[in-house]
Amino acid sequence: MYGWIWRKLPLGLPGKLIGSVLLAAAAVALLWFVVFPWAEPLLPFDDVQVTQDSGVPGDDGAGLTEPSERPSEEEIPYSTETNNPPSTPSR
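Peer 1: Sorry if this is basic, but what is going on with the overall build of the protein chain here?
Peer 2: The number of helices and strands found in the protein chain is two helices and zero strands. Classification of the 91 residues of the protein chain by burial places 5% in the buried group. Carbon and sulfur atoms make up 62% of the accessible area of the protein chain, which totals about 9,200 Å².

Peer 1: So what exactly am I meant to see when it comes to helix α2 (residues 12-39) here?
Peer 2: Since the α-helix turns once every 3.6 residues, residues separated by three or four places project in the same direction. Taking 1.5 Å of rise per residue, the 28 residues of α2 would be expected to cover 40 Å, and the 38 Å separating its terminal C-alpha atoms lies within 8% of that figure. Where α2 bends most, the angle comes to about 35°, and this point is Leu 31. Taken together, the buried positions of α2 are Gly 15, Lys 16, Gly 19 and Ala 39. Contacts made by the buried residues of α2 are with α1 (2-8).

Peer 1: When you look at a nonpolar patch on the surface in this model, what are you seeing that I'm missing?
Peer 2: Side chains of Val 28, Leu 30, Leu 31, Trp 32, Phe 33, Val 34, Val 35 and Phe 36 sit close together on the surface and give an oily, nonpolar patch of about 820 Å² of accessible area. With respect to the helices and strands, the residue Val 28 is situated in helix α2. The class for Val 28 is exposed, based on a relative accessible area of 52%.

Peer 1: What is the right way to look at unusual backbone geometry in this model?
Peer 2: With the exception of glycine, the majority of residues adopt a negative phi angle, and the majority of peptide bonds are in the trans configuration. The phi torsion at Leu 11 lies on the positive side, around 75°, for a residue other than glycine. Along the chain, Leu 11 falls in the loop between α1 and α2.

Basis of the calculations
- Residues numbered from 1 in each chain as written.
- Predicted model: local features only at pLDDT ≥ 70, side-chain atom pairs only at ≥ 80, totals over all residues.
- Heavy atoms only, no water.
- Helix = DSSP H or I, 4+ residues; strand = E, 2+ residues; numbered from the N terminus.
- Buried < 20%, exposed > 50% of the residue type's maximum accessible area, 1.4 Å probe, protein only.
- Areas by Shrake-Rupley, 256 points an atom, 1.4 Å probe, with all protein chains shown as cover.
- Expected span 1.5 Å × (residues − 1).
- Bend = angle between axes of the 7 residues up to and from the residue.
- Contact = heavy atoms within 4.5 Å.
- Patch = residues over 30% accessible without salt bridge, like charges linked within 9 Å, V, L, I, M, F, W, Y side chains within 5 Å.
- Salt bridge = Lys/Arg side-chain N within 4 Å of Asp/Glu carboxyl O.

Printed below as a string of structure tokens:
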């Protein structure tokens, strides 16, 4: 098939190279803008289910407790100063 396409492209070697690049770009564009968006809802990549399963057989999660205090949305639940050394002036 590729040999047939190569033989049918006009204008000698430069035309065949440019035509090949244009055909490849058209194939990529067709896949990118038509085929992949059509197929995306059919693929299971976004079908993620997260559960509270501890991974231990026989454990129903009864030992898990909720934290008594939850930080507010504005409050960061960790220190922002712990791993940041103080800045030193540059010379």
